[in-house]
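Examining the three-dimensional arrangement
Below, each chain spelled out in residue letters.
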Amino acid sequence: MITREQAEAIIRQQVVQAIEQDAPKSSTFLSLARKLPNMTSNQTRIRVLDFLPTAYWVTGDTGFKQTSEQAWDNVFLNAEELAVIVPIPEAVFSDAEFDIFGQVTPRVTEAIGARVDGAAIFGINRPAGWRADIITTARQAGNNVAPGSDLFAALYEPNGVWDKVESNGYSVNGAIAKPGFRAQLRGIRDEVGRSMFLANVQQPGQYTLDGTPVTFPENGAFETTVASLVAGDWSKAVYAIRQDITVKILDQGVIQDPTTKAIVYNLAQQDLIALRVVFRMGWALPNPATRLDANRTSCPFAYLEPATAITTQTVTINIKDNADTPANVENAYVEVAGARIKTGSNGNAVFNLRAGTYDVKVTKKGYTTVNDSVTVAAQAVTKNMTLPAQA
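We now turn to the structure provided with this report. Everything numeric in this text was worked out from a predicted model, so none of it was measured.

Glancing now at the packing of aromatic side chains. Scanning the entire structure with this criterion turns up 8 aromatic pairs. With 5.4 Å between their ring centres and 75° between their planes, Phe29 and Trp283 make a pair best called edge-to-face. Highlighted residues: Phe29 in helix H2 (residues 28-32) and Trp283 in strand S13 (residues 272-284), separated in sequence by 254 residues. By the burial criterion, Phe29 is buried, and Trp283 matches it.

In structure tokens, the structure reads:
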């Protein structure tokens, strides 16, 4: 008898003429935020209303009319670059049954979108030139909500996620949640025990909150250790592209290790070709002054924390003037990577920040603007800064 093992060399093997894979996922941030015209240089300036005028009642027929003023500020979008090089031996490229570059390019695009989401929304691997992410900004405004035992209350009731956004004068027009959050929504029940998100178990659930559709990102960028749900007015987050995704095929040159600078690949000598993909963009949260937020310290986003909130450190920025006997400066604006807090009578602005290095900017009318930085590690930080009075 001829066994299968003995005849294996002449048995035809059927190969499915397709690669089993899911469709590449797009960026959540780029699909929800507002796109501005493309950048023409590495920095774009947005003019933002910074101070609102005030009107006064006049006493009597000959009372004096008071004066007021209006002011504007600049907010900048700084273009940062995402890039990757994928080397492939020419022999492998030629022998492949599929277009390798055609398979790789969509996955690189997906990876770029995931990096944008991680940096802009959650602050993961945030480039130095970008402002603080949405979660960090919302945290400084007090727009973080603990989940508690009542999810409905955490979302809708006073001091819930929706209330945090609406109390600052914004309306929620979009929400994103971790993929597993569907189960938590299905678990919300009315007074008789019926699921509020399932009309019946035979039909798909309608995952909308207060009429706002909930998006469940599938590109792997939703950082579940930071938030379970993020909601807000996404039109207030703006971005601009400096260089759209650009693909170039290289067949000359060398590729070096970024750390050691040692040559890893020599394209010409090793008969390699390489796919190089580059993308550059910037984003901002302009947050202009409004009648409900004249100080520009609010945030149009709020988020639901996970069961165990991510660790942050208390960062106290103390501002004093440059007098012979320095005094605390009250009502100075302290911006840490774009997140803004006003100092109290003790001259302090208190932030809650994750580990990292952040730019600090201090401003007040009648004083010289001061720029510095603060580094946060594993403990609370106190930073003293001097704000010189203008001559």
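With that out of the way, let us pick up the pattern of salt bridges. Tallied over the entire structure, the rule returns 8 salt bridges. Note that Arg107 and Glu110 form a salt bridge whose closest N and O atoms lie 3.2 Å from each other. Residue Arg107 and its partner Glu110 are both found in helix H4 (residues 100-122); the two are separated by 3 residues, about one turn of the helix. The structure contains a network of salt bridges with shared partners spanning Asp50, Asp73, Arg296, Glu335 and Arg340.

Quick look at the sheet that holds strand S17 (residues 339-342) now. Neighbouring strands of a sheet are bound in pairs by backbone hydrogen bonds; such pairs are parallel or else antiparallel. The 4 strands lie next to each other as S17-S16-S19-S20, forming an open sheet whose pairing is antiparallel. Single-partner strands in this sheet number two, and they are S17 and strand S20 (370-376). Taken pair by pair, the neighbouring strands of this sheet meet at an average axis angle of 25°, ignoring direction. In this structure, strand S16 (residues 333-336) lies alongside S17, joined through 4 bridges in antiparallel fashion.

Looking at the element boundaries, Thr225 is found in the loop between strand S8 (212-215) and strand S9 (229-232). Sequence-distant contacts of Thr225, that is, excluding residues within four places in its chain, are made with Pro306, Thr308 and Ile310. There is a polar contact of 2.9 Å between the side chain of Thr225 and the side chain of Glu223.

This paragraph deals with the nonpolar core. Ranked by size, the top nonpolar core spans 35 residues in total, and within it Phe29, Phe122, Val230, Met281 and Trp283 carry the most contacts. At the level of elements, H4, helix H5 (134-140), strand S10 (238-250), S13 and strand S14 (301-304) are the ones that each hand at least two residues to this core. Ranked by residues supplied to this core, first place goes to H4 with 9 residues. The residues touching Phe29, leaving out its near neighbours within four places in the chain, are Val116, Asp117, Ala120, Ile121, Ile134, Trp234, Ala237, Tyr239, Met281 and Trp283.

With that settled, the discussion passes to the side chain of Lys383. Inspection of the secondary structure assignment puts Lys383 in strand S21 (residues 381-386). Within the local environment of Lys383, its side chain forms a polar contact with the backbone oxygen of Ser373, the two atoms lying 3.3 Å apart. For Lys383, the contacting residues outside a window of four places in its chain are Thr316, Ile317, Asn318, Asp372, Ser373 and Val374.

Here we take up the pairing of S8. Side chains Thr212 and Val214 project from S8 onto a buried face, and the interleaved Pro213 and Thr215 project onto a face without burial. Where strand S7 (residues 208-209) lies against S8, 2 bridges are found, and the strand directions are antiparallel. Bridge pairing in S8 places Thr208 opposite Pro213. Between S7 and S8, which pair antiparallel in sequence order, lie 2 residues; one of them, Asp210, sits at a positive phi of approximately 55°.

This paragraph deals with a nonpolar patch on the surface. Together, Ile245, Val247 and Ile249 give the surface a local cluster of nonpolar side chains, amounting to about 220 Å² of exposed area. The residue Ile245 is located in strand S10 in this model. Among the residues examined, Ile245 registers a relative accessible area of 31% and is labelled partly exposed.

Calculation criteria
Residues numbered from 1 in each chain as written. Predicted model: local features only at pLDDT ≥ 70, side-chain atom pairs only at ≥ 80, totals over all residues. Heavy atoms only, no water. Phe/Tyr/Trp six-rings, centres within 6.5 Å; stacked < 30°, edge-to-face > 60°. Helix = DSSP H or I, 4+ residues; strand = E, 2+ residues; numbered from the N terminus. Buried < 20%, exposed > 50% of the residue type's maximum accessible area, 1.4 Å probe, protein only. Salt bridge = Lys/Arg side-chain N within 4 Å of Asp/Glu carboxyl O. Pairing = 2+ DSSP bridges. Axes fitted to C-alpha atoms, helices over the stretch in contact; angles between N-to-C directions. Contact = heavy atoms within 4.5 Å. Polar contact = N/O pair within 3.5 Å; in protein donor to acceptor, adjacent residues only side chain to side chain. Core = buried A, V, L, I, M, F, W, Y, C linked by side-chain atoms within 4.5 Å. Patch = residues over 30% accessible without salt bridge, like charges linked within 9 Å, V, L, I, M, F, W, Y side chains within 5 Å. Areas by Shrake-Rupley, 256 points an atom, 1.4 Å probe, with all protein chains shown as cover.

Fair warning: the whole summary comes from geometry, so function is off the table for now.
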